[in-house]
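What follows is the residue order along each chain.
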Amino acid sequence: MERRKFLSNTLLTSLGLSLLPSINNSDSFASTSRKPIVMSTWNHGLAANDAAWVVLSAGGRALDAVEQGVRVSEADPKVSSVGYGGAPDRDGNVTLDACIMDEEGNCGSVAFLEKIMHPISVARKVMEKTPYVMLTGDGALQFALANGFKEENLLTEEAKKAWLDWKKKQTELKIDKDHHDTIGMLAIDIKGNISGACTTSGLAYKMRGRVGDSPIIGAGLFLDNEVGGACATGKGEAVIKIAGSAMIVELMRNGKTPKEACKIAIERIAKKQKDCKDFQVGFLALNKSGEYGSYSLQKGFDYAVCFDKINKIYKSESFA
Ligand code: ASP
């Protein structure tokens, strides 16, 4: 019954409706301890949160929840900036970046990985099976194949058609509101432990070999189990330049709310990066009490939060 109620509510919330009482829609509500809880970037975060919630509501570990959650976006051909169906680089190759981090500060990452549907699971294997944090390119692919992952074609017909259309115009694509949707996810499990994941196909039609913030621990994702976590979406270069997610976690350590911390990071980008009107960055943050918040550079950044069986989309406040 509870499950049915949850599923129907999820269906309704994806239509912007809810049968159940709404959780606080404020970016910085006060709370003692909200757990389990999961949040993720963009509208496709709803489906990812559903998968994460299956793990969390069964008492599972946050690390398993974030991996299972973002795998949904990675496998969805309609999500054009993550995994299968992601926009390729300018030469037509889909190249993927992902990272994952657990409550003990362990982390794993892959960058410039091709032909593997679930880079987040390869990143987890890097974390658990090697003494390293990051593998890239062909080395990451060889590692994935040696660990049982299968090579697949990730370029869908739809993504190929869009790339061929772009090639006719050959314009440099900016990460504006239409060309990003990395999934970043943060979760706290019933034990109060936090984990996070971030996975993307990166900037559409990028130069071959370009890697953004999403696989960079401290930029696209960072967490500390004593404090909370943060993740990013948007122009990776802008996020890397301020070590965005690490900065937000340290601001929370020093007493800022999640929203305040995200806002300060965005303001830093706006102050230091002269071309900031031309791109988007969005941050999410979650502290150990289950308080969550967000802030973005431009309007139009949405995120999904699932808590107490309610999975909903929120609109972020923005600088511009
Ligand atoms: N952050 C990603 C990158 O720069 C882009 C995105 O959010 O879609 O690769």
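Scope of this entry: the structure provided in the associated data block. If you're wondering where the values come from, they're calculated on a predicted model, not measured in any experiment. (Residues numbered from 1 in each chain as written. Predicted model: local features only at pLDDT ≥ 70, side-chain atom pairs only at ≥ 80, totals over all residues. Heavy atoms only, no water.)

### Considerations on the overall build of the protein chain
Part 1: Secondary structure assignment for the protein chain yields nine helices and 12 strands.
Part 2: Every one of the 320 residues in the protein chain was classed for burial, and the buried ones make up 59%.
Part 3: Counting only contacts in the protein chain whose residues sit at least 6 apart along the sequence, the fraction spanning at least 24 positions is 66%.
Part 4: Surface summary for the protein chain: the accessible area is close to 13,400 Å², and the carbon and sulfur share equals 52%. (Helix = DSSP H or I, 4+ residues; strand = E, 2+ residues; numbered from the N terminus. Buried < 20%, exposed > 50% of the residue type's maximum accessible area, 1.4 Å probe, protein only. Contact = heavy atoms within 4.5 Å. Areas by Shrake-Rupley, 256 points an atom, 1.4 Å probe, with all protein chains shown as cover.)

### Structural notes on the pattern of salt bridges
Part 1: Tallied over the full model, the rule gives 17 salt bridges.
Part 2: As a salt-bridge pair, aspartate 64 and arginine 124 come within 2.6 Å of each other at their nearest N and O atoms. Linking aspartate 64 in helix α3 (residues 62-75) with arginine 124 in helix α4 (residues 119-129), this pair joins segments that are 60 residues apart in sequence.
Part 3: For lysine 263, the salt bridge is made with glutamate 267, and the minimal N-O distance between the two is 3.3 Å. Of the two residues, lysine 263 and glutamate 267 both sit in helix α9 (residues 258-272), four residues apart, roughly one turn of that helix.
Part 4: Taking relative accessible area as the criterion, glutamate 267 reaches 31% and is therefore assigned partly exposed.
Part 5: Connected through salt bridges with shared partners, the residues Asp64, Glu67, Arg124 and Glu128 form a single ionic network. (Salt bridge = Lys/Arg side-chain N within 4 Å of Asp/Glu carboxyl O.)

### Let's talk about the site of the ligand
Part 1: The local shell around the ligand holds 16 residues, among which Thr182, Arg210, Asp213, Gly234 and Gly236 are the closest.
Part 2: At a separation of 2.7 Å, an oxygen atom of the ligand approaches a polar side-chain atom of threonine 182.
Part 3: A distance of 2.8 Å separates an oxygen atom of the ligand from a polar atom in the backbone of glycine 236. (Near = heavy atom within 4 Å. Polar contact = N/O pair within 3.5 Å; in protein donor to acceptor, adjacent residues only side chain to side chain.)

### Section: the packing of aromatic side chains
Part 1: Using the criterion set out here, one finds six aromatic pairs in the structure.
Part 2: Pairing tryptophan 166 with tyrosine 205 gives two aromatic rings, centres 4.8 Å apart and planes at 20°, and the pair type is stacked. Of the two residues, tryptophan 166 is situated in helix α6 (residues 157-169) and tyrosine 205 in the loop between β6 (194-200) and β7 (221-224); the sequence distance between them amounts to 39 residues.
Part 3: When the centroid spacing of 5.8 Å and the interplanar angle of 45° are considered together, the rings of tyrosine 292 and tyrosine 314 count as tilted. Taken together, the positions of tyrosine 292 in strand β10 (residues 292-296) and tyrosine 314 in strand β12 (residues 310-315) put the pair 22 residues apart, joining distant regions of the chain.
Part 4: Here the aromatic cluster, defined as three or more aromatic residues joined through ring pairs, consists of Trp42, Tyr292, Phe301, Tyr303 and Tyr314. (Phe/Tyr/Trp six-rings, centres within 6.5 Å; stacked < 30°, edge-to-face > 60°.)

### Let's talk about the sheet that holds β12
Part 1: Strand order in this open sheet of eight strands is β4-β3-β2-β6-β5-β1-β11-β12, and the pairing throughout is mixed. If you trace the sheet from one side to the other, it starts and ends with β4 (134-136) and β12, each paired once. Neighbour-to-neighbour, the strand axes of the sheet open up by a mean angle of 10°, direction not taken into account.
Part 2: Direction of pairing for strand β5 (residues 183-188) relative to β6: antiparallel, over a ladder of six bridges. Residue pairing in the sheet places isoleucine 183 in a bridge with threonine 199 of β6. (Pairing = 2+ DSSP bridges. Axes fitted to C-alpha atoms, helices over the stretch in contact; angles between N-to-C directions.)

### What to know about the packing of helix α2 (residues 45-57) against α3
Part 1: One way to put it is that α2 packs onto α3 with a least axis distance of 7 Å and a crossing angle of 150°. Relative to α3, α2 is oriented roughly antiparallel. Helix-helix and strand crossings are classified by hand; for α2 and α3 the assignment is right-handed. Residue-level inspection shows Ala47, Ala48, Ala51, Ala52, Val55 and Leu56 of α2 in contact with α3, the latter providing Ala62, Asp64, Ala65, Gln68, Gly69, Val72 and Ser73.
Part 2: Each residue belonging to the contact of α2 with α3 can be placed in one class, and the counts come to nine nonpolar, three polar and one charged. (Parallel < 35°, antiparallel > 145°, perpendicular 65-115°, else oblique. Left-handed = near helix turned anticlockwise from the far one by under 90°. Nonpolar A, V, L, I, M, F, W, Y, C, P; charged D, E, K, R; others polar.)

### Structural notes on the side chain of threonine 233
Part 1: Mapped onto the elements, threonine 233 comes out in strand β8 (residues 228-234).
Part 2: Here the side chain of threonine 233 touches tryptophan 42 through a polar contact of 3.0 Å, side chain to side chain.

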